[in-house]
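# Report on the structure
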2 protein chains.
Amino acid sequence: MKVTCLKCMKCGKEYPDQPDRYVCDDCGTEGILDVVYDYSSTKITKEEIASSKDYSLWRYAKMLPVKDASMRAPLQVGWTPLYKAEKVEKEFGLNNVYIKDDGRNPTASLKDRASAIAVVKAKEAGATTICAASTGNAASSLSGFAAAAGIKTVIFVPKRAPKAKIAQLMVYGAKTVVVDDSYDRAFDLSVEITKKFGFYNRNCAYNPFCVEGKKTVSFEMWEQMGFEVPDRVYVSIGDGCITSSIYKGFYDLMQLGLTNKMPRIIGVQAAGCNPVEVALKTGKFVAQDGNTIADSIAVGIPRNRLKAMRALKNSNGTCISVTDDEIRAALVELPRSTGVFGEPAGVTAFAGFKKHAKAKDIKPEEKVVVLITGNGLKDIDSAISVCSLPSPVAPDSETIEKHVKTLI
Amino acid sequence: MKVTCLKCMKCGKEYPDQPDRYVCDDCGTEGILDVVYDYSSTKITKEEIASSKDYSLWRYAKMLPVKDASMRAPLQVGWTPLYKAEKVEKEFGLNNVYIKDDGRNPTASLKDRASAIAVVKAKEAGATTICAASTGNAASSLSGFAAAAGIKTVIFVPKRAPKAKIAQLMVYGAKTVVVDDSYDRAFDLSVEITKKFGFYNRNCAYNPFCVEGKKTVSFEMWEQMGFEVPDRVYVSIGDGCITSSIYKGFYDLMQLGLTNKMPRIIGVQAAGCNPVEVALKTGKFVAQDGNTIADSIAVGIPRNRLKAMRALKNSNGTCISVTDDEIRAALVELPRSTGVFGEPAGVTAFAGFKKHAKAKDIKPEEKVVVLITGNGLKDIDSAISVCSLPSPVAPDSETIEKHVKTLI
């Protein structure tokens with residue numbers, strides 16, 4: 001698709017399509033840009049998509065703002081499984097509940113969809129180093145893709161990032177700065193350093209092209225459901241980028257005449273860090289101190305809130321919150337009923353779905369997708385905290401037999 | 001394919017095809033059975049395979065010993081990426097080096113290929129509980145598949161299993177027995193308990209059908225290389241099941257007339273636990289105390305050694321070993337050059353490949369596949385041990401700028 005311009009979400013100012021154009025000159029970091037397309041110049045059919053043998057997000061290459069296939073990092077990203085969750089359906093008396101497991105991406109989170117695009121854009125811009133700030137997943141994702149593509153990375157993470165995510169950065173060889181402060185401060189520092197050193201920046205709430213990569217998750221939901229748009233999508237909200245991306249994907253499909261339906265996008269936040277829920281209800285944004293077990297969405301100042309709130313409003317969606325106890329419960333309920341092991345922020349969407357399902361707020365026939373954004377192996381300590389590890393048992397047959405009887 | 005019989009690897013005795021037939025009555029646990037097919041009854045073509053839209057191991061359903069598709073667990077397993085490793089090629093002056101990333105399976109290891117089959121076989125046998133012993137990956141795999149399929153599990157792991165793997169068991173709700181002893185003892189206890197309680201057993205070196213699931217990794221290498229068989233496959237060896245399975249896959253392809261070539265299978269063991277290497281060199285098997293960072297292959301008594309050694313001999317392969325320091329080095333070298341993060345046992349195969357490549361033991365034109373059997377997120381502590389985590393840095397701009405200068 002041909003990009004018409006990059007348009008400020010706040011003041012509407014338009015900028016030409018350049019790989020290193022980030023935010024609006026007038027509005028600063030609040031002036032997030034939207035990638036605007038000339039949809040009329042693209043003809044694409046369901047049959048054409050269905051016939052593709054590329055089972056990665058690049059099957060939708062025509063609908064992405066990148067051209068040169070030789071610039072792609074050689075990692076297989078996207079086309080993650082969509083499972084019909086029959087046990088969950090039975091539990092809640094629903095007929096069409098699906099789990100989209102984006103923890104199956106190369107570095108085990110949905111963030112890989114954005115990194116795939118960012119690496120190409122960095123090359124287009126002629127950059128040799130990519131910089132990012134991240135609660136952890138975007139960082140480990142970028143470092144994996146940069147390693148595969150042969151680009152250097154400087155990454156800022158807050159001190160609360162789980163060690164599995166920091167370890168991923170280190171094994172991929174990223175130059176890592178652990179900021180002795182919050183994600184919000186790490187974000188600001190990454191933007192400063194990007195400018196000072198002439199790096200390419202991959203912050204999803206700063207670089208408008210990242211949302212374009214993530215929107216492919218909507219294309220996949222649509223195609224995997226037999227080219228049907230679900231009625232609802234549940235997704236957890238941190239910076240708001242994934243929420244924005246889900247909307248953008250379905251928006252593209254509508255503009256291209258491939259559907260005339262937008263699903264209701266239901267954002268789910270942690271009760272300990274719910275600035276989007278508050279802003280949506282009161283009409284006023286107030287920064288918070290993020291405090292939740294779900295580290296990936298412990299974002300007190302959601303940088304992409306304008307795009308996210310547009311997505312929630314325009315899709316007739318909403319934003320709800322769940323407690324850390326509900327998130328902890330979902331950490332085991334989801335894998336036990338579906339086989340999908342998600343990280344705390346990943347299962348937050350499931351906790352939100354459950355809240356609505358229990359309240360009979362979902363009609364039996366509604367088609368619901370719960371998006372799991374990161375793999376549970378990313379944060380083993382949280383998983384262990386909800387299911388204590390068993391003690392070793394003496395290895396003689398008699399003791400073991402007695403012990404097994406207590407288990408079954 | 002029609003199963004002719006289950007045949008003892010040791011004495012040659014034949015048994016009828018039953019889902020709960022494990023080992024030879026006469027030879028005990030050393031009498032591993034081989035699933036023997038009537039290949040003449042199956043006609044399958046490359047075109048038929050290539051036209052399948054099922055991008056999972058079930059695209060090879062005709063070549064597997066299970067029939068009823070409704071018994072499958074609803075998890076997407078197999079069809080993992082095969083990457084051409086260009087940076088690695090350049091480093092060693094080779095032209096055709098591929099990485100097969102089986103850490104991309106649902107529970108993040110190759111073991112999912114066996115679990116997919118075991119769940120169906122347990123249902124065929126009418127069992128409601130599956131039992132297994134495992135160094136960790138097979139256990140977490142089984143527990144994930146059993147959860148998705150609605151079957152109970154009782155699982156024995158040795159006390160040295162990494163906590164990420166035990167945590168996976170717990171989140172999936174497996175009844176877990178941590179045996180205060182080695183994997184070898186856990187194995188024996190699992191067989192005892194299986195018999196006493198009438199469970200179904202999924203130990204891959206006991207249940208002959210598990211190898212049949214894992215053999216699909218060879219089908220995929222072949223298809224993903226454009227229906228060509230590689231010249232060499234590097235794989236780490238613990239119990240010897242994966243080695244056996246790689247052989248069985250290519251053996252099937254030869255018997256079906258789909259190729260006439262068997263790759264050289266190069267087994268790689270840890271120097272601290274190399275009973276297969278010793279047995280192959282001396283012709284004599286001696287049990288060892290497993291001692292290596294690569295927990296998944298810390299197997300002092302490889303239960304499937306007969307099948308594994310047949311695979312190595314019949315493929316004109318060999319078995320080598322690498323030190324724990326070489327494994328540690330591979331833990332970061334592989335992700336930094338390919339973007340693939342493997343667990344210690346997974347990258348052991350890469351360490352073995354490097355040893356041969358450095359010794360100029362591989363010709364430039366040879367087609368080499370290095371099989372990565374498990375995801376690095378399974379054992380973060382080992383990863384951290386090779387790349388120390390950075391200390392937090394004060395969040396003021398000046399300090400951060402100075403710090404970034406030291407990194408780039």
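Residues numbered from 1 in each chain as written. Chains lettered and ligands numbered in written order. Predicted model: local features only at pLDDT ≥ 70, side-chain atom pairs only at ≥ 80, totals over all residues. Heavy atoms only, no water.

In terms of helices and strands, chain A carries 15 helices and 15 strands. Computed over its C-alpha atoms, the radius of gyration of chain A comes to 21 Å, within 12% of the 22 Å expected for a compact globule of 408 residues. Structurally, chain A occupies a C-alpha span of about 75 × 45 × 45 Å along its principal axes. Within chain A, buried positions represent 65% of all 408 residues. (Helix = DSSP H or I, 4+ residues; strand = E, 2+ residues; numbered from the N terminus. Rg over C-alpha atoms; globule rule 2.2 N^0.38 Å. Buried < 20%, exposed > 50% of the residue type's maximum accessible area, 1.4 Å probe, protein only.)

What follows is about the nonpolar core. The nonpolar side chains of a soluble globular protein tend to be buried, and buried together. Of all hydrophobic cores here, the largest spans 295 residues; its most connected members are Met63(A), Phe156(A), Phe353(A), Met63(B), Phe156(B) and Phe353(B). Apart from residues lying up to four places away in sequence, Phe353(A) is in contact with Val88(A), Phe92(A), Leu94(A), Val97(A), Tyr234(A), Ile362(A), Val368(A) and Val370(A). (Core = buried A, V, L, I, M, F, W, Y, C linked by side-chain atoms within 4.5 Å. Contact = heavy atoms within 4.5 Å.)

Another aspect to go through is the packing of aromatic side chains. Residues and elements named next belong to chain B. As enumerated under the stated definition, the model contains 29 aromatic pairs over all chains in all. Judged by centre distance (5.8 Å) and plane angle (55°), the rings of Tyr 37 and Tyr 39 are tilted. Exposure remark for Tyr 39: the relative accessible area of 13% places this residue in the buried category. Between the NZ or CZ atom of Lys 121 and the centre of the ring of Phe 209, over which it lies, the distance is 4.2 Å. Lying over the aromatic face of Phe 285, Arg 305 brings its terminal NZ or CZ to 3.8 Å of the ring centre. (Phe/Tyr/Trp six-rings, centres within 6.5 Å; stacked < 30°, edge-to-face > 60°. Lys NZ or Arg CZ within 6 Å of the ring centre and 35° of its normal.)

Quick look at the relation of the copies chain B and chain A now. For the match of chain B to chain A, the screw axis carries a shift of 0.0 Å, the RMSD comes to 0.0 Å, and the turn is 180°. Interpreted geometrically, this transformation is the action of a two-fold axis. Most of the interface of chain B is mirrored in chain A: 100% of its interface residues are interface residues there too. (Least-squares fit on C-alpha atoms with pLDDT ≥ 70 in both.)

The next subject is the pairing of strand 4 (residues 28-38) of chain B. All names here are of chain B. Here strand 1 (residues 2-8) runs beside strand 4; their pairing, made up of six bridges, is antiparallel. The residue of strand 4 that forms the bridge with Cys 8 is Leu 33. Linking strand 3 (residues 23-24) to strand 4, which pair antiparallel, is a turn of three residues. (Pairing = 2+ DSSP bridges.)

All names here are of chain A. Strand order in this open sheet of four strands is 9-8-7-10, and the pairing throughout is parallel. In the strand order of this sheet, the two ends are held by strand 9 (175-179) and strand 10 (200-201), each with one partner. Pairing between strand 7 (residues 129-133) and strand 8 (residues 152-158): five bridges, direction parallel. Residue pairing in the sheet places Thr 129 in a bridge with Lys 152 of strand 8.

Oppositely charged side chains are able to pair whenever their charged atoms sit close together. With the rule as written, the count across this model stands at 58 salt bridges over all chains. A salt bridge links Glu212(A) to Lys248(A); the shortest N-O distance between them is 2.7 Å. Of this pair, Glu212(A) sits in helix 7 (residues 209-214) while Lys248(A) sits in helix 9 (residues 241-255), placing them 36 residues apart in sequence. Between Glu220(B) and Arg113(B) there is a salt bridge, with the nearest N and O atoms lying 2.8 Å from each other. Of this pair, Glu220(B) sits in helix 8 (residues 216-224) while Arg113(B) is found in helix 3 (residues 112-124), placing the two residues 107 residues apart along the sequence. For Glu220(B), a relative accessible area of 0% corresponds to the buried category. Here Arg113(B) falls in the buried class, since its relative accessible area comes to 0%. Shared partners join several salt bridges into a network, and the residues in it are Asp34(A), Glu212(A), Lys215(A), Lys248(A), Asp252(A) and Arg310(A). (Salt bridge = Lys/Arg side-chain N within 4 Å of Asp/Glu carboxyl O.)

On to the interface of chain B and chain A. Listed per partner, the contact involves 75 residues of chain B and 75 residues of chain A. Summed over both partners, the interface of chain B with chain A buries about 6,300 Å², with 67% contributed by carbon and sulfur atoms. Linking chain B to chain A there are four salt bridges. Between Lys163(A) and Asp381(B) there is a salt bridge; the shortest N-O distance is 3.5 Å. Applying the counting criterion to the chain B and chain A interface returns 25 residue pairs in polar contact (both at pLDDT 80 or more). (Buried area = accessible area lost by both parts, 1.4 Å probe. Polar contact = N/O pair within 3.5 Å; in protein donor to acceptor, adjacent residues only side chain to side chain.)

Our focus in this paragraph is helix 9 of chain A. Residues and elements named next belong to chain A. Its 15 residues place the ends of helix 9 21 Å apart at the C-alpha level, agreeing with the 21 Å of an ideal helix rising 1.5 Å per residue. Among the 15 residues of helix 9, twelve are classified as buried, and the element is accordingly described as predominantly covered. Among the residues of helix 9, those classed as buried are Cys 241, Ile 242, Thr 243, Ser 244, Ser 245, Ile 246, Tyr 247, Lys 248, Gly 249, Phe 250, Asp 252 and Leu 253. (Expected span 1.5 Å × (residues − 1).)

Residue and element names in this part refer to chain B. Those residues of helix 10 (residues 275-282) that fall on the buried side of the exposure criterion are Pro 275, Val 276, Glu 277 and Ala 279. Next to the buried residues of helix 10 lie strand 12 (264-270), helix 11 (305-314) and strand 13 (318-322). Of the residues one or two after helix 10, Gly 283 is the one with positive phi, at around 75°.

Turning our eyes to something else, we now look at the packing of helix 4 (residues 137-149) of chain B against helix 5 (residues 163-171) of chain B. In a pair of packed helices, the angle between the axes and the distance between the axes together describe the arrangement. Residues and elements named next belong to chain B. Running from amino to carboxyl end, helix 4 crosses helix 5 at an angle of 20°, the nearest separation of the two axes being 8 Å. The pairing of helix 4 with helix 5 is recorded here as roughly parallel in orientation. In the crossing of helix 4 with helix 5, the sense of the turn from one axis to the other is left-handed. For the pair helix 4 and helix 5, contact is made by Asn 137, Ala 139, Ser 140 and Ser 143 and by Lys 165, Gln 168 and Leu 169, respectively. (Axes fitted to C-alpha atoms, helices over the stretch in contact; angles between N-to-C directions. Parallel < 35°, antiparallel > 145°, perpendicular 65-115°, else oblique. Left-handed = near helix turned anticlockwise from the far one by under 90°.)

The pLDDT averaged across chain A works out to 95; a share of 100% of its residues lies at or above 70. Of the two predicted TM-score estimates for the complex, the pTM is 0.96 and the ipTM is 0.94. (pLDDT = per-residue confidence, 0-100.)

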